[in-house]
Amino acid sequence: MVNWMDPAVIAKTNVIFNNLSHFAIGAYFLEVAQSLYFEWDVIRGYRKFRIGQLLYFYCKWLLFGAFVGMLIVFNVSTKINCQALYTWNQFGGNTSMGAASTLLMLRTIAVWNKKLFIVIPLALISAGQWGILFHGITTVKATWDPVHNVCQVAQVESLFLNLVYLWTMFTDLIVLILTLVGLLITPGRSQLWKLLVGDGVLYFIIAFVANTIPAIFLLLNLNPVMNVMFPIPAIALTSSVACRSFVRLSEFAAPTDRSNNSQPWSAANTRVTGNRSGRDIGKTSTIQWARPQTETIGGINVTRSQHVETDIGLESYSPRNIHPLESTSDDQIDRKGAFAV
């Protein structure tokens, strides 16, 4: 039987903790780098800014800042204000965890079409989680150790640390169950439904398992190092899946419009290519445009563009003369894509 309180065992577990934390932080930084295109599209105006994105940005970038602080804690060799740094790390980590759970919870509320008997209990659960997370910011006390030149944790309120992960685990479990039930009772099996099941449920399961592991080790209380072995990987995983889930659904609901033009029949969304060989110039061409399609599932309205392509006869006119045929019926447009050029 392993004596977890043996100094040699604690030293070994501390090395593992350091390496595991560096790996988790590095993996999260890679995830951030791979999803930078989303922010860049918003900045350039290719993607419309929405209020819900603020929670996504908060979750993603505040945790990024907290992990930078953790890297300083792990690698610093000169005296610093350890308490201030740990307070920042706790604030960034805890509130990012709350934002990640809220992002997943909002998807569940949307699946249930904002029904009050779902919204009110989830709001109360979320309020309890945020209250515990904010209190947890001040539960860690740290000082500078001049002998080993490191920041040393002097005191931790284990009760609230346990509550943080137990409550988060409970929240993720409730959200997972409600999401599964909501999707199962939703009629139809559209592409949106498949996305919510394939990606959403998987992400919920990952978040639940990620927060369950540190909760179990906190309850086991093997030694001080093992108690804090898995929180960093847990919050990295939870934030990653919550942000990825948000981006995936956003891309499905509103594909990036690089034309900055929302009119589906505009020239920006229409492309004409002609046969440019020999005497066939001006006689045939392929015309493409985007037709909006709206899909609804579980209270989520999604408008997507269906790209239509057809070969049509052309007169020898400039592409600037593209216009819909005024006398063509909707059926004819759907069947032929009738445009005069």
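Residues numbered from 1 in each chain as written. Predicted model: local features only at pLDDT ≥ 70, side-chain atom pairs only at ≥ 80, totals over all residues. Heavy atoms only, no water.

**Looking at the packing of aromatic side chains**
- What the rule picks out here adds up to 13 aromatic pairs.
- Ring plane angle 40° and centroid distance 4.6 Å describe the contact between phenylalanine 29 and phenylalanine 64, whose orientation is recorded as tilted. Taken together, the residues span a long stretch of sequence, with phenylalanine 29 in helix α1 (residues 7-34) and phenylalanine 64 in helix α3 (residues 52-75) at a distance of 35 residues.
- Residue class for phenylalanine 29 comes out partly exposed when judged on its relative accessible area of 23%.
- Centroid distance tryptophan 167 to phenylalanine 170: 6.1 Å. Interplanar angle 70°. Geometry classified as edge-to-face. Here the residue tryptophan 167 and the residue phenylalanine 170 both occupy positions in helix α6 (residues 158-184), the gap between them amounting to 3 residues, near one helical turn. (Phe/Tyr/Trp six-rings, centres within 6.5 Å; stacked < 30°, edge-to-face > 60°. Helix = DSSP H or I, 4+ residues; strand = E, 2+ residues; numbered from the N terminus. Buried < 20%, exposed > 50% of the residue type's maximum accessible area, 1.4 Å probe, protein only.)

**Brief notes about α1**
- For α1, spanning 28 residues, the distance from its first C-alpha to its last is 41 Å, which sits close to the expected 40 Å at 1.5 Å a residue.
- For α1, the full list of buried residues reads Val9, Thr13, Phe17, Ser21, Ala24, Ile25, Tyr28, Glu31 and Val32.
- Buried residues belonging to α1 abut α2 (36-44), α3, α8 (224-227) and α9 (231-253).
- Capping the start of α1 is the job of one residue whose side-chain oxygen sits 2.8 Å from the backbone nitrogen of alanine 8: aspartate 6. (Expected span 1.5 Å × (residues − 1). Contact = heavy atoms within 4.5 Å. Polar contact = N/O pair within 3.5 Å; in protein donor to acceptor, adjacent residues only side chain to side chain.)

**Things to note about the packing of helix α4 (residues 82-111) against helix α5 (residues 116-136)**
- Interhelical geometry of α4 versus α5 gives an angle of 175° and a closest axis separation of 9 Å. Classified by the angle between their axes, α4 and α5 sit roughly antiparallel to one another. Residues Gln90, Phe91, Asn94, Thr95, Met97, Gly98, Ala99, Ser101, Thr102, Met105, Thr108 and Ile109 of α4 form the contact with α5, whose own contacting residues are Val119, Leu122, Ser126, Gln129, Trp130, Leu133, Phe134 and Gly136.
- Its residues assigned to classes, the contact of α4 with α5 comprises 10 nonpolar, 10 polar and no charged. (Axes fitted to C-alpha atoms, helices over the stretch in contact; angles between N-to-C directions. Parallel < 35°, antiparallel > 145°, perpendicular 65-115°, else oblique. Nonpolar A, V, L, I, M, F, W, Y, C, P; charged D, E, K, R; others polar.)

**A short note on the layout of surface pockets**
- Estimates place the volume of the second largest pocket at around 1,200 Å³.
- If you trace the second largest pocket, you find 37 residues lining it, with Phe17, Tyr86, Val153, Pro224 and Val228 closest to the centre.
- Of all the elements in the fold, those that place two or more residues in the lining of the second largest pocket are α1, α3, α4, β1 (140-145), β2 (150-156), α6, α8 and α9.
- Of the residues in the lining of the second largest pocket, the class split is 25 nonpolar, 11 polar and 1 charged. (1 Å grid on protein atoms, 1.4 Å probe; cavity = no way out; pocket = protein on both sides within 12 Å on 5 of 7 lines; lining within 4 Å. Points joined across faces, edges and corners; volume = space filled by probe spheres on them.)

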